Amino acid sequence: CTFQVSRFPWVCISVDLGGNRPISTAMRISPLPSSSAHLRSRSLPRLQMQRRWRQIKSNEVVTGNFVEFKGQMCKVEKVETTMQGRGSNFFQLELRAVANNKKHSARLRSGEKIELIEMRRLTMQYLYSDGSNAHFMNPETFEQTSSPVEVLGNYQYYAIEGEEIEVQVTEEGGDVVFADTPNFAEIEIESISNTNEGRATSEKLTGVGVNGRVIIACAKHLEPGTRVRVKVDTEEYAGKAET
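Predicted model only: the values in this text are computed from it and were never measured.

Chemist: Just to check I follow, could you spell out unusual backbone geometry for this structure?
Modeler: Trans is the common state for peptide bonds, and a negative phi is the common state for residues other than glycine. Non-glycine residue phenylalanine 142 carries a positive phi angle of around 65 degrees. Here phenylalanine 142 is to be found in the loop between strand E12 (133–137) and strand E13 (144–148). The exposed category is assigned to phenylalanine 142, whose relative accessible area is 57%. You will see that alanine 217, though not glycine, has its phi angle at about 55 degrees, which is positive.

Chemist: Whenever I open this one, the packing of aromatic side chains confuses me. Can you help?
Modeler: Where two aromatic rings form a pair, the distance of their centres and the angle of their planes describe that pair. In the structure shown here, the tally under the stated rule is 2 aromatic pairs. Between phenylalanine 66 and phenylalanine 178, the ring centres sit 5.6 Å apart and the planes meet at 65 degrees, which makes this aromatic pair edge-to-face. Placement of phenylalanine 66 in strand E6 (residues 66–69) and of phenylalanine 178 in strand E15 (residues 176–180) is noted, with a sequence separation of 112 residues between them. On the basis of relative accessible area, phenylalanine 178 is assigned to the partly exposed category, the value being 21%. Taking the centre distance of 6.1 Å and the plane angle of 65 degrees together, the rings of tyrosine 126 and phenylalanine 136 count as edge-to-face. In this pair, tyrosine 126 sits in strand E11 (residues 119–129) while phenylalanine 136 sits in strand E12, placing the two residues 10 residues apart along the sequence. Taken individually, tyrosine 126 and phenylalanine 136 each receive the classification buried, so the pair is uniform in this respect.

Chemist: Got a minute to help me understand the confidence of the model for the protein chain in this structure?
Modeler: A low pLDDT score tells you not to read the predicted coordinates there in detail. Per-residue pLDDT for the protein chain has a mean of 77; in total, 72% of the residues score no lower than 70. Confidence, expressed as mean pLDDT per element, reaches its minimum in the protein chain at strand E4 (residues 40–41) with 33 and its maximum at strand E21 (residues 227–231) with 95. Per-residue pLDDT stays below 50 along residues 2–15; that stretch engages in 37 contacts with residues further than four places along the chain or on separate chains. Confidence drops under pLDDT 50 across residues 23–51; counting only partners more than four residues distant or on other chains, this segment forms 65 contacts.

Chemist: What should I look at first to understand the nonpolar core in this one?
Modeler: Side chains of nonpolar character tend, in soluble globular proteins, to be buried together. Of all hydrophobic cores here, the largest spans 27 residues; its most connected members are Phe136, Leu152, Val167, Ile215 and Val228. Those elements that place two or more of their residues in this core are E11, E12, strand E14 (164–170), E15, strand E16 (184–193), strand E20 (214–219) and E21. In contact with isoleucine 215, not counting residues within four places along its chain, are Ile187, Ile189, Leu205, Thr206, Gly207, Gly209, Val228, Val230, Glu235, Glu236 and Tyr237. Counting residues in each nonpolar core, the second largest holds 13 residues, with Val61, Phe69, Leu93 and Ile114 among its members.

Chemist: Whenever I open this one, the environment of arginine 227 confuses me. Can you help?
Modeler: Mapping arginine 227 onto the fold places it in strand E21. Arginine 227 sits 18 residues away from glycine 209 along the chain, and the two C-alpha atoms are 9.1 Å apart. A polar contact of 3.4 Å, which involves the side chain of arginine 227, links it to the side chain of glutamate 186.

Chemist: When you look at the pattern of salt bridges in this model, what are you seeing that I'm missing?
Modeler: Going through the model one piece at a time under the given rule, you end up with 6 salt bridges. Here aspartate 180 and arginine 121 are joined by a salt bridge, their closest N and O atoms 2.1 Å apart. Taken together, the positions of aspartate 180 in strand E15 and arginine 121 in strand E11 put the pair 59 residues apart, joining distant regions of the chain. Glutamate 235 is the partner of arginine 213 in a salt bridge, and the nearest nitrogen-oxygen pair spans 2.7 Å. Separated by 22 residues along the polypeptide, arginine 213 in the loop between strand E19 (204–209) and E20 and glutamate 235 in the loop between E21 and strand E22 (236–240) bring together distant segments of the chain.

Chemist: I'm lost on the pairing of E22 in this one. Help?
Modeler: In regular strands, side chains alternate between the two faces of the sheet. Note that E21 and E22 share 3 bridges and pair antiparallel. Within E22, the position partnered with valine 228 by the bridge is lysine 240. In sequence, E21 turns back onto E22 through a hairpin of 4 residues, with glutamate 235 there showing a positive phi of about 60 degrees.

Chemist: Is there a simple way to explain the pairing of E14 in this structure?
Modeler: Taken across its 7 residues, E14 has 5 buried, putting it largely inside the fold. Across 7 bridges, E11 lies against E14 in antiparallel orientation. Of the residues in E14, the one forming a bridge with threonine 123 is glutamate 166. Summarising the sheet, E14 and E15 pair through 4 bridges and their orientation is antiparallel. By the bridge assignment, valine 169 is partnered in E15 with valine 176.

Chemist: Please clarify how the sheet that holds strand E5 (residues 54–57) should be interpreted in this entry.
Modeler: Hydrogen bonds between backbone groups are what pair the strands of a sheet, and the pairing can be parallel or antiparallel. Taken together, 6 strands build an open sheet; the order of strands is E5-E10-E6-E7-E8-E9 and the sheet is antiparallel. Because the sheet does not close on itself, it has two edges, and the strands there are E5 and strand E9 (103–109). Neighbour-to-neighbour, the strand axes of this sheet turn through a mean angle of 50 degrees, independent of strand direction. Direction of pairing for E6 relative to strand E10 (residues 113–116): antiparallel, over a ladder of 2 bridges. If you follow valine 67 over to E10, its bridge partner there is leucine 116.

What counts as what
Residues numbered from 1 in each chain as written. Predicted model: local features only at pLDDT ≥ 70, side-chain atom pairs only at ≥ 80, totals over all residues. Heavy atoms only, no water. Helix = DSSP H or I, 4+ residues; strand = E, 2+ residues; numbered from the N terminus. Buried < 20%, exposed > 50% of the residue type's maximum accessible area, 1.4 Å probe, protein only. Phe/Tyr/Trp six-rings, centres within 6.5 Å; stacked < 30°, edge-to-face > 60°. pLDDT = per-residue confidence, 0-100. Contact = heavy atoms within 4.5 Å. Core = buried A, V, L, I, M, F, W, Y, C linked by side-chain atoms within 4.5 Å. Polar contact = N/O pair within 3.5 Å; in protein donor to acceptor, adjacent residues only side chain to side chain. Salt bridge = Lys/Arg side-chain N within 4 Å of Asp/Glu carboxyl O. Pairing = 2+ DSSP bridges. Axes fitted to C-alpha atoms, helices over the stretch in contact; angles between N-to-C directions.

Structure representation (structure tokens):
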């Protein structure tokens, strides 16, 4: 018989010892560990809530820091200092959330503290993407880890399996939360049209790369099969690739 008393099923076992009264017992069935258990796949929202960082004062915050803001892990993109009467300084921070790429703004008084998320930089080998997660390997230890593919930004569509990428990982745990990806990528054009965003033009065309991404503002003379450079953040044509 089988019955459920928790999220794991239990199985009844009866043993006949030869003429004696059967002995019955019950065993709980637990799932076997996954063969890929060595791959750590942690979601960024869960990483954000792990308290393993320290506080710093507002005047110590610099561009490029990762901080906790309203329960989210954010990257500091800009810091501005303003002065309002009697020498009071305020620090205006422009932040971008790691989990969803949304922008936030924080205004801190002089001396006010904020949580700094301590990071370290590593060079890791990009292995592949399964659509949801990007998988990396430390080339020194051969340890593999995975993070939501959003850590690569638009570069997720252009990353080449096996290439090395500079990443930032949490000081404790080694979780990849940000990747310093190239500003430009190369891709081969699969097809090209004579319209750009629905409007006829004799100067700029719209192309489609072999990765399926639309490349805007392509030069008029390009043909399918041409390898081009693309600006990663806007996916605009940036010239022919060097041969």
